[in-house]
Amino acid sequence: MLTLGGHGPRRGAALARLGIIRDGALLVRDGLIAAVGTRGKIEGLPDAAGAEKLDVGGRVVLPGFVDSHTHLIHAASRAEEYELKIEGASYEEIARKSGGILNSVKKLRAATSEALKLRARRALVQFAAYGTTTVEAKSGYGLDVASELKILRLHKELAAEQPLDVVSTFLGAHVVPAEYRGTPTGVKAYIALLTEKLIPEVAQEKLAEFCDVFCDRGAFTREQAKQILEAGKRHGLVPRVHAEQLTRSGATQLAIKLGAASSDHLEQVNSNDIAALGKSQTVATLLPGCDFHLGLAKYAPARKLIDGGAIVALATDYNPGTSPTMSMPMILSLACSALRMTPAEAITAATINAAYALRREKHIGSFGVGKLADLAVFELADYREIPYYFGMNTCWLTMKRGVVVHAANKTTI
Ligand SMILES: [Zn+2]
């Protein structure tokens, strides 16, 4: 049993400390962890006498994964663009031909809430099947008042109607929508729509906790990002950013200055950015699924970030254009093989550090008394086999707030 016990997020060498208990057990009451320890100790507790026993038979148990960066709500895949990319078109070339994010915007605006919700629910079933128990979800494929609010209201409904926690982020600043493009006044008008209309409305209806901006070439500049994130802050939305993915925009330094919860992507960070992250509470969230799917050679410098003291987290970036996966174990495989993180570091990055990126480290991401009974059990004898096997699902059971939400299929052959 990997407890990830201890206080707060992990930096440097501490990322490798998993708090392993051999033959461990948990006592769960009302969806919360009532006790953690060896099986002998837990079975001996007076409170354990009447408890229902779930024997996981020597398998690996760890806190449920926290996926701190997804674009959960979208209308359809972009498989047609996948083919174009393989033939050599770059992500930005596709975006210029009104493919990319704007392609998803067109499809989302035309979709009904019911269809969007059904697709998201099916995705959440997959997240659970791969051991994830908390999912952050960003808006950003609506980009007009009605469609952005439609997405954020779906986050709220999904959080209420199914067992996984859905943490809502407003990403109205994903890109400038087609109808505002082409002139500087158009872009200005869209930013005004975000800061003067949408952000106040989102905050008032309590539709999001975080405000995100895609700060990069083809999206928003650092100055524009600052304006939008500061407006979010004034309305109680905690900043986070898409930063240094295609180019180095300086968004990470801005994120740190604004006290952002996380700065995500980071393929193009420089040594000053790494040093600044090492001294800050802003989490460095790495999304290697994106580079893998796009076939890019340059991954984020995970080793330098860890050695520089940054709080490193991992997430799927589940989205239809650049990272169509709900599998955190696959992200761990990429983190180990492509980013040169160790299996222990990758697990920490996908649990307690990711929980910190969502400001929920007191409730999820590790096993401790009073925390949610969120856990994943893997059909493996050694935790290092979680990333070692790739492209297959070894998750045997997932529990959310003490309730089993996934159990591996009983296949007979
Ligand atoms: Zn993203």
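Residues numbered from 1 in each chain as written. Predicted model: local features only at pLDDT ≥ 70, side-chain atom pairs only at ≥ 80, totals over all residues. Heavy atoms only, no water.

## A look at the pairing of strand 12 (residues 375-378)
Here is the rule: Exposure classes here rest on a 1.4 Å probe applied to the protein chains alone. A residue is buried below 20% of its type maximum, exposed above 50%, and partly exposed in between. A run of H or I in DSSP counts as a helix once it spans at least four residues, and a run of E counts as a strand once it spans at least two, with each numbered from the N terminus. Paired strands, in this sense, are two strands between which DSSP finds at least two bridges.
Alternating residues of strand 12 divide into Leu375 and Val377 and Ala376 and Phe378, and every residue in both groups is buried. In terms of strand pairing, strand 3 (residues 60-63) meets strand 12 through four bridges, oriented antiparallel. Looking at strand 12, one finds that Val61 is bridged to Val377. The pairing of strand 12 with strand 13 (residues 395-400) spans four bridges and is classified as antiparallel. Within the sheet, the bridge partner assigned to Val377 lies in strand 13 and is Leu397.

## A look at the pattern of salt bridges
Using the following cut-off: The working definition used for a salt bridge is a side-chain nitrogen of Lys or Arg within 4 Å of a carboxyl oxygen of Asp or Glu.
One pass over the full model with this rule turns up 25 salt bridges. Linking Arg153 and Glu205 is a salt bridge whose minimum nitrogen-to-oxygen distance equals 2.7 Å. On the criterion of sequence distance, the pair formed by Arg153 in helix 6 (residues 145-161) and Glu205 in the loop between helix 7 (184-204) and strand 7 (210-215) is long-range, its members being 52 residues apart. By relative accessible area, which is 34% here, Arg153 ends up partly exposed. Of the charged contacts in the structure, one is a salt bridge between Asp307 and Arg303, with a shortest N-O distance of 3.8 Å. A residue pair is termed a helical-turn pair when its members lie 3 or 4 positions apart in one helix, as Asp307 and Arg303 do in helix 12 (residues 302-307) at four residues. Residues participating in the shared-partner salt-bridge network are Asp23, Arg39, Glu43 and Lys53.

## Comments concerning the packing of helix 6 against helix 7
Which entries qualify depends on this criterion: Note on geometry: axes are lines fitted to C-alpha atoms, helical ones only across the stretch in contact, with angles between N-to-C directions running from 0 to 180 degrees. Under this scheme an angle from 65 to 115 degrees is roughly perpendicular, one under 35 degrees roughly parallel, and one over 145 degrees roughly antiparallel; angles in between are oblique. Each crossing gets its handedness from the near helix: less than a right angle anticlockwise from the far helix is left-handed, clockwise is right-handed. Note on definitions: a residue-residue contact is assigned when non-hydrogen atoms from the two residues lie within 4.5 Å. All amino acids are sorted into three groups, where Ala, Val, Leu, Ile, Met, Phe, Trp, Tyr, Cys and Pro are nonpolar, Asp, Glu, Lys and Arg are charged, and the leftover types, Gly among them, are polar.
One can describe the packing of helix 6 onto helix 7 by two numbers: an axis separation of 11 Å at closest approach and a directional angle of 30°. Our classification of the angle between helix 6 and helix 7 gives roughly parallel. The chirality of how helix 6 crosses helix 7 is right-handed. Side by side, helix 6 and helix 7 meet where Val145, Glu148, Leu149 and Leu152 of the first sit next to Leu193, Lys197, Leu198, Glu201 and Val202 of the second. Of the residues that constitute the contact of helix 6 with helix 7, the class distribution is six nonpolar, no polar and three charged.

## Focus: the coordination of the zinc ion
Angles between donor atoms at a metal ideally measure 109.5 degrees for a four-coordinate tetrahedral arrangement and either 90 or 180 degrees for a six-coordinate octahedral one. How we decide: Note: metal donors comprise N, O and S atoms at 2.8 Å or less from the metal (3.2 Å for Na, K and Ca); water molecules are not included, so apparent gaps in a site are possible. Site shape is set this way: if four donors have all angles between 85 and 135 degrees, tetrahedral; if opposite donors are over 155 degrees apart and all others between 65 and 115, square planar for four donors and octahedral for six; otherwise irregular.
Those donors, His69 (NE2), His71 (NE2), His242 (NE2) and Asp317 (OD), are the protein atoms that reach the zinc ion, and they lie 2.0 to 2.6 Å from it. Around the zinc ion sit four donor atoms; with metal-centred angles ranging over 81 to 167°, the donor geometry is irregular. All donors of the zinc ion belong to a single chain; written as a sequence motif, their spacing is H-x1-H-x170-H-x74-D. Highlighted residues: His71 in the loop between strand 4 (65-67) and helix 2 (79-86) and Asp317 in the loop between strand 11 (312-314) and helix 13 (328-337), separated in sequence by 246 residues. You can call His71 buried: its relative accessible area is 2%. Classification of Asp317 as buried rests on a relative accessible area of 2%.

## So, a nonpolar patch on the surface
We apply this condition: Patch members must show over 30% relative accessible area and no salt bridge, and they are joined within 9 Å when carrying like charges or within 5 Å when they are nonpolar side chains of Val, Leu, Ile, Met, Phe, Trp or Tyr. Accessibility throughout is a Shrake-Rupley quantity obtained with a 1.4 Å probe, and a residue counts as covered only by protein chains that appear here.
Together, Tyr388, Tyr389 and Met392 line one region of the surface with nonpolar side chains, adding up to about 340 Å² of accessible area. Tracing the sequence through the fold places Met392 in the loop between helix 16 (385-388) and strand 13. Classification of Met392 by relative accessible area gives partly exposed; the value is 44%.

## Details of empty space enclosed by the protein
So the rule is basically this: Method remark: on a 1 Å grid restricted to protein atoms, a set of points is classed as a cavity if a 1.4 Å probe fits but cannot get out and as a pocket if it is open with protein on both sides within 12 Å along at least five of seven lines; lining residues have an atom within 4 Å of a point. Grid points are joined across faces, edges and corners, and a volume is the space filled by probe spheres set on the points.
The final tally for this structure, using the stated rule, is one cavity of 30 Å³ or more. Counted as a void, the largest cavity has a volume near 110 Å³. Tyr91, Ile101, His174, Asn319 and Thr322 are the residues nearest the centre of the largest cavity, which is lined by 14 residues in total.

## Remarks on the layout of surface pockets
Over the atoms, a rolling probe the size of a water molecule traces out where space has been left empty. Quantified by volume, the largest pocket comes out at close to 1100 Å³. Contributing to the lining of the largest pocket are 34 residues, with Gly24, Ala25, Leu26, Leu54 and Val56 lying nearest its centre. Counted by class, the lining of the largest pocket contains 21 nonpolar, four polar and nine charged residues. Along the wall of the second largest pocket there are 18 residues; nearest its centre are Ala95, Val175, Arg181, Gly218 and Ala219. Those elements that place two or more of their residues in the lining of the second largest pocket are helix 3 (91-96) and helix 4 (100-110). Element by element, the count of residues in the lining of the second largest pocket is highest for helix 3, at four residues. For the lining of the second largest pocket, a count of residues per class yields 10 nonpolar, four polar and four charged.

## Here's the deal with the sheet that holds strand 9 (residues 262-265)
The eight strands are arranged 4-5-6-7-8-9-10-11 in an open sheet whose pairing can be described as parallel. Edge positions in the open sheet fall to strand 4 and strand 11, since each of these has one partner strand only. Between one strand axis and the next, the sheet turns by 25° as a mean value, whatever way the strands run. Strand direction decides the pairing type here: strand 7 and strand 8 (residues 238-243), joined by six bridges, are parallel.

## Concerning the packing of aromatic side chains
Defined as follows: Here a pair means two rings of Phe, Tyr or Trp (six-membered ring of Trp) with centres within 6.5 Å. Their orientation is stacked below 30 degrees between planes, edge-to-face above 60, and tilted elsewhere. Look at NZ for Lys and CZ for Arg. If either is within 6 Å of the ring centre and within 35 degrees of the ring normal, a charge sits over the ring.
Counted by the stated rule, this structure contains four aromatic pairs. Ring centres 5.5 Å apart and planes at 85° place the aromatic pair Phe127 and Tyr318 in the edge-to-face group. Of this pair, Phe127 sits in helix 5 (residues 113-129) while Tyr318 sits in the loop between strand 11 and helix 13, placing them 191 residues apart in sequence. On the basis of relative accessibility, which here comes to 0%, the residue Phe127 falls in the buried class. Take Tyr318: its relative accessible area is 5%, and that puts it in the buried class. For the cation-ring pair, Arg59 lies above Trp396, with the distance from its terminal atom to the ring centre recorded as 3.8 Å. Stacked on the ring of Phe210, the Lys or Arg Arg240 has its end atom at 4.4 Å from the ring centre.

## Observations concerning the nonpolar core
As a reminder, the rule being used: Here the nonpolar core consists of buried residues drawn from Ala, Val, Leu, Ile, Met, Phe, Trp, Tyr and Cys, with membership extended through side-chain atoms lying within 4.5 Å.
Leu72 and Leu314 are the most contacted members of the largest nonpolar core, which totals 101 residues. A per-element tally of this core places helix 7 first, with eight residues. Among the nonpolar cores identified, the runner-up in size contains 15 residues, and Val167, Ala354, Leu358 and Leu372 belong to it.

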